[in-house]
Each structure stands twice: as C-alpha cells, then as structure tokens.
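For reference, the chains in residue letters:
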Amino acid sequence: MQFVFLGPPGVGKGTQAAKVSEKHGVVHIATGDILRKAMAEKSPLGVKAKGYIDEGKLVPDALIIELMNDRVRQPDAKSGYILDGFPRTMGQGQAFTEALEQNGEHLDGVIYFSLDDAALVERISGRRSCPSCQSVYHMIFNRPKNDEICACGTPLIRRKDDDPETVTKRLSVYGDQTAPLIAYYKELGLLSEVDAGGDLEGVNGKVEEVLQGCSR
Ligand code: ADP
Ligand code: ADP
Ligand code: ZN
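Computed from a predicted structure; not experimentally measured.

Caption draft 1: Fine view of the overall build of the protein chain. Within the protein chain, the regular secondary structure consists of 9 helices and 7 strands. Over its C-alpha trace the protein chain gives a radius of gyration of 16 Å, about what one expects of a compact globule, namely 17 Å for 216 residues. For the protein chain, the C-alpha atoms occupy an extent of roughly 45 × 40 × 35 Å along the three principal directions. Of all intrachain contacts in the protein chain linking residues separated by at least 6 positions in sequence, the fraction that spans at least 24 positions is 70%. Of the side-chain charges in the protein chain, 26 are positive and 31 negative, and the distance between the mean point of each set is 4 Å.

What follows is the structure, encoded as structure tokens:
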C-alpha cells in the first residue's frame, strides 16, 4: 500500500493517515513532523528549514526531495506507506515519480481531500499538537481526554505556524504551489477525491473505500 494524501493545510490528512497507518500496519510519513523534529533537535536540516516554516513558506525542493527519497527506502516503509504533506510542489511530484520508476515501483493512488477555506481555518484554529508523539487533537472536534494533555502525558502545544496570519499565507502558498498536483495526479490516473467535510469517522469510511478500490 503506497499512497499520497494530498490537500490543503488543516484538511485532516495527518488525522486520517494516522488511522490508516494503525489499521493497515503501514508507516505514516509526514514531512511536517520530520521537519519539526529536525527543528527541535536543531539539526542542519532543522536550522535550514526553520525560517521558511515560521513564515508559512515551503522549504526548498532540493532539501525535501532528497530527504523523502531516502525516507521511503527505509526498512519500515517496505510494507507500505502513507505520505502526508509530500509531494507539495510540481517539482517534488515529478522528482518522486521518477525516483519510484527508477526502482520499478509505483503509487497505488493519491487521495485528494477537499474542504472550503472557512472550515480549514476552523480546523486549524482549534488544532493542538503533541511535540513528543506527534498526535493531533482539536479542542472541539477531537478533544484530548485531559484538557491540553496528550494521551502520552505530554502537554499539548499550538503550532507557531497555526497563528491566523501564517495560516492565511499557507493557504495561498497551497493554492499556488501545491494545488497544481491535483491535475498532475489526475492526468496520471491516480487521483481520488474525498470530501473532507463531516466527522473523523465519516471521512475515514470514505478513505477506506478508496484504499480498497485502489490496492493491488
Ligand atoms: P499542515 O498540517 O498544515 O498540512 P505540515 O505539518 O504538513 O502542515 O507542514 C508544516 C510546514 O512544513 C509547511 O508549511 C512547510 O513550511 C513545511 N513543509 C512540510 N512539508 C513540506 C514539503 N513537502 N515541501 C516543502 N515544505 C514542507
Ligand atoms: P492536516 O494534516 O491536513 O494539516 P490535521 O489532521 O492536522 O490536518 O487536522 C487539522 C485539525 O482538524 C486537527 O485539529 C484535527 O483534530 C481536526 N480534524 C481532522 N479531521 C477532522 C474532521 N473530520 N472533523 C473535524 N475536525 C477534524
Ligand atoms: Zn503525545
């Protein structure tokens, strides 16, 4: 099972990828999580990425492509993966297609999650994230059992780039740089659209239907 979850910030890609990962035993690879971990560790990648992320811009393709080509070749990705937040530009998408082809591999499909901007802003503004285990909650739609504490015991945080100003910037970057991938994957015959409105379980049912239809 090799899928890409595509869609705007806050649409629920990470939440659905986590569910699929648990149910099907495939690894959930989220570029944003990898980059935030690198920033917390102040690794060379983290130091380079920080300025872009804080401003709501994309980290340059050259850094991301190498990182992800390497990541999908790790042993834990052998039995399948869900990519969440990658590819995010046409350059990344084309480079990834080529890298897969060179290895005689292919994607099973791409799920495009769609939702209007008002609902995206509502989801992002209530989002709380665990800096330790990367779990994601929502203060209204997916509440932590203990207020502001993750199930793993770590206090939840609000991501710095989830502030309203940066979110506006990220939505416009998405429209300019990421949305063209919808047509790209449609052309390749890989795209399925899932309406991301509705609750977590409802959306998950639609995702499972697509996964079953596409897996070979
Ligand atoms: P969201 O949950 O809003 O979709 P992510 O956690 O996926 O956000 O990404 C957070 C930030 O990390 C992005 O705004 C961007 O700066 C950077 N980032 C994540 N994935 C990529 C990528 N594939 N290419 C470039 N930058 C990325
Ligand atoms: P993305 O990875 O696409 O940026 P997330 O999975 O982080 O999105 O979800 C964004 C926010 O919306 C989180 O607070 C999450 O708990 C919440 N969320 C996810 N799916 C739904 C849903 N179907 N209904 C309501 N809220 C949701
Ligand atoms: Zn946690």
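Caption draft 2: Broad picture of the pattern of salt bridges. Summed over all chains, the structure comprises 14 salt bridges. As a salt-bridge pair, D161 and R170 come within 3.8 Å of each other at their nearest N and O atoms. A relative accessible area of 10% places R170 in the buried class. Connected through shared salt-bridge partners, R127, R159, D161, D162 and R170 make up one network.

Caption draft 3: Region of interest: the coordination of the zinc ion (ligand 3). With distances of 2.2 to 2.3 Å, the protein atoms coordinating the zinc ion (ligand 3) are C130 (SG), C133 (SG), C150 (SG) and C152 (SG). Considering all 4 donor atoms around the zinc ion (ligand 3), the spread of angles at the metal, 104 to 116 degrees, places the coordination shape in the tetrahedral class. Look at where the donors of the zinc ion (ligand 3) fall in the sequence and you get C-x2-C-x16-C-x1-C. Accessibility expressed as a relative area gives 3% for C130, which makes it buried. A relative accessible area of 37% means that C133 is categorised as partly exposed.

Caption draft 4: Layout of the packing of aromatic side chains. Taken as a whole and judged by the stated rule, the model has 3 aromatic pairs. On the numbers, 5.2 Å between centres and 65 degrees between planes, the contact of F5 with F113 is edge-to-face. Of this pair, F5 sits in strand β1 (residues 2-6) while F113 is found in strand β4 (residues 109-114), placing the two residues 108 residues apart along the sequence. Of the two residues examined, F5 and F113, each falls in the buried class. An angle of 65 degrees between the planes, with centres 5.0 Å apart, marks the rings of Y184 and Y185 as edge-to-face. In this structure Y184 comes out as buried when scored by relative accessible area, which is 15%. What makes Y185 buried here is its relative accessible area of 1%.

Caption draft 5: Quick peek at the site of ligand 2. In the vicinity of ligand 2, 19 residues are found, and the nearest of them are G10, K13, T15, R127 and Y137. Here an oxygen atom of ligand 2 and a backbone polar atom of G12 are 3.0 Å apart. Contacts to ligand 2 include G198, whose backbone N or O atom sits 2.9 Å from a nitrogen atom. By residue class, the composition of the shell around ligand 2 is 8 nonpolar, 7 polar and 4 charged.

Caption draft 6: Spotlight on the site of ligand 1. Inspection of the region around ligand 1 gives 19 residues, with R36, K57, G85, Q92 and R170 positioned closest. A distance of 3.5 Å separates a nitrogen atom of ligand 1 from a polar side-chain atom of T31. In this structure, an oxygen atom belonging to ligand 1 sits 2.3 Å away from a side-chain N or O atom of R170. Within the complex, the protein chains bury 96% of what would otherwise be the 560 Å² of accessible surface of ligand 1. In terms of residue count, helix α2 (residues 31-41) provides more of the shell around ligand 1 than any other element does, 4 residues in total. Along the lines of polarity and charge, the residues of the shell around ligand 1 split into 7 nonpolar, 4 polar and 8 charged.

The rules behind these values
Residues numbered from 1 in each chain as written. Chains lettered and ligands numbered in written order. Predicted model: local features only at pLDDT ≥ 70, side-chain atom pairs only at ≥ 80, totals over all residues. Heavy atoms only, no water. Helix = DSSP H or I, 4+ residues; strand = E, 2+ residues; numbered from the N terminus. Rg over C-alpha atoms; globule rule 2.2 N^0.38 Å. Contact = heavy atoms within 4.5 Å. Lys, Arg positive; Asp, Glu negative; His and termini not counted. Charge placed at Lys NZ, Arg CZ, Asp CG, Glu CD. Salt bridge = Lys/Arg side-chain N within 4 Å of Asp/Glu carboxyl O. Buried < 20%, exposed > 50% of the residue type's maximum accessible area, 1.4 Å probe, protein only. Donors = N, O, S within 2.8 Å, 3.2 Å for Na, K, Ca; no water. Tetrahedral: all angles 85-135°; square planar, octahedral: opposite > 155°, others 65-115°. Phe/Tyr/Trp six-rings, centres within 6.5 Å; stacked < 30°, edge-to-face > 60°. Near = heavy atom within 4 Å. Polar contact = N/O pair within 3.5 Å; in protein donor to acceptor, adjacent residues only side chain to side chain. Nonpolar A, V, L, I, M, F, W, Y, C, P; charged D, E, K, R; others polar. Areas by Shrake-Rupley, 256 points an atom, 1.4 Å probe, with all protein chains shown as cover.

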